[in-house]
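# Structure at a glance
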Amino acid sequence: QVQLVESGGGLVQPGGSLRLSCAASGSIFSINDMGWYRQAPGKQRELVATITRGGSMYYADSVKGRFTISRDNAKNTVYLQMNALNPEDTAVYYCNADVATSWFANAFYWGQGTQVTVSS
């Protein structure tokens, strides 16, 4: 089994910053793409950013220039540095990883989510 554990959420004022972390553990052979999604109340889950094993990144238009995704392959960890936060960023943030558990088996796994609230 594979587990993803997020940390780093919390309450921050508009204009502030937070850094989210997501560590994968368990029966991991390798990890391909990793990413962050978010879901605000009453809205569908949306993609925030992704990063390949080689470091290629993708960002949703709403976070470009404010958020930075990175990863540490040795630690099986992905990060999301969030700057210039605004109330529209308030959501539960989930990490996602495409994990290979052997040469022939891979699956997508989700973390449990971490709440980010931007409010004065």
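As a reminder, the structure under discussion sits directly above these lines.
Everything numeric here is computed off the predicted structure, so don't read it as measured data.

Turning our attention to the pairing of strand β5 (residues 46-51). Note: strand β4 (residues 30-39) against β5, five bridges, orientation antiparallel. When the sheet's bridge partners are listed, W36 is paired in β5 with A49. Between β4 and β5, which follow one another and run antiparallel, lie six residues, and G42 among them has a positive phi close to 75°. Pairing of β5 with strand β6 (residues 57-59), which is carried by three bridges, proceeds in the antiparallel orientation. Bridge pairing in β6 links A49 to Y59. The hairpin turn running from β5 into β6, its antiparallel successor, is five residues long, and G55 in that turn takes a positive phi close to 105°.

Along strand β11 (residues 114-118), the buried face is formed by T114, V116 and V118; none of Q115 and T117, which line the opposite face, is buried. For strand β2 (residues 10-12) and β11, the ladder comprises three bridges, and the chain directions are parallel. Looking across to β11, one finds that G10 is bridged to V116.

Tracing the chain through its elements places R66 in the loop between β6 and β7 (67-72). Looking at R66, its side chain comes within polar contact range of the side chain of D89, at 2.8 Å. Leaving out residues up to four positions away in the same chain, R66 has contacts with Q81, M82, N83, A84, L85, N86 and D89.

Membership of the largest hydrophobic core comes to 31 residues, with the highest contact counts inside it found for W36, L80, M82 and Y93. No other element matches the five residues that strand β9 (residues 91-100) contributes to this core.

This part takes up the environment of C22. If you trace the backbone, C22 turns up in strand β3 (residues 18-26). Accessibility expressed as a relative area gives 0% for C22, which makes it buried. Separated by 28 residues in the primary sequence, C22 and T50 have C-alpha atoms spaced 13 Å apart. Not counting residues up to four positions away in its chain, the partners in contact with C22 are L4, V5, E6, W36, N76, T77, V78 and C95.

Right, let's talk about the pattern of salt bridges for a bit. Enumeration over the complete set of coordinates arrives at four salt bridges. The salt bridge partner of R38 is D89, with a shortest N-O separation of 2.9 Å. Here the residue R38 occupies a position in strand β4, and D89 occupies one in the loop between β8 (77-82) and β9, the gap between them amounting to 51 residues. Here D89 falls in the buried class, since its relative accessible area comes to 1%. Shared partners join several salt bridges into a network, and the residues in it are R38, E46, R66 and D89.

Going through the model one piece at a time under the given rule, you end up with two aromatic pairs. With 4.9 Å between their ring centres and 65° between their planes, Y37 and W110 make a pair best called edge-to-face. A residue pair is termed long-range when its members are at least 10 positions apart, and Y37 in strand β4 and W110 in strand β10 (residues 106-110) qualify at 73 residues. Classification of W110 as partly exposed rests on a relative accessible area of 38%. Sitting above the plane of the Y79 ring, R19 keeps its charged end 4.1 Å from the centroid. We note R45 situated over the ring of Y94; from NZ or CZ to the ring centre the distance is 3.7 Å.

Procedures and definitions
- Residues numbered from 1 in each chain as written.
- Predicted model: local features only at pLDDT ≥ 70, side-chain atom pairs only at ≥ 80, totals over all residues.
- Heavy atoms only, no water.
- Pairing = 2+ DSSP bridges.
- Helix = DSSP H or I, 4+ residues; strand = E, 2+ residues; numbered from the N terminus.
- Buried < 20%, exposed > 50% of the residue type's maximum accessible area, 1.4 Å probe, protein only.
- Polar contact = N/O pair within 3.5 Å; in protein donor to acceptor, adjacent residues only side chain to side chain.
- Contact = heavy atoms within 4.5 Å.
- Core = buried A, V, L, I, M, F, W, Y, C linked by side-chain atoms within 4.5 Å.
- Salt bridge = Lys/Arg side-chain N within 4 Å of Asp/Glu carboxyl O.
- Phe/Tyr/Trp six-rings, centres within 6.5 Å; stacked < 30°, edge-to-face > 60°.
- Lys NZ or Arg CZ within 6 Å of the ring centre and 35° of its normal.

It is worth stressing that arrangement in space is one thing and function is another; only the former is reported here.
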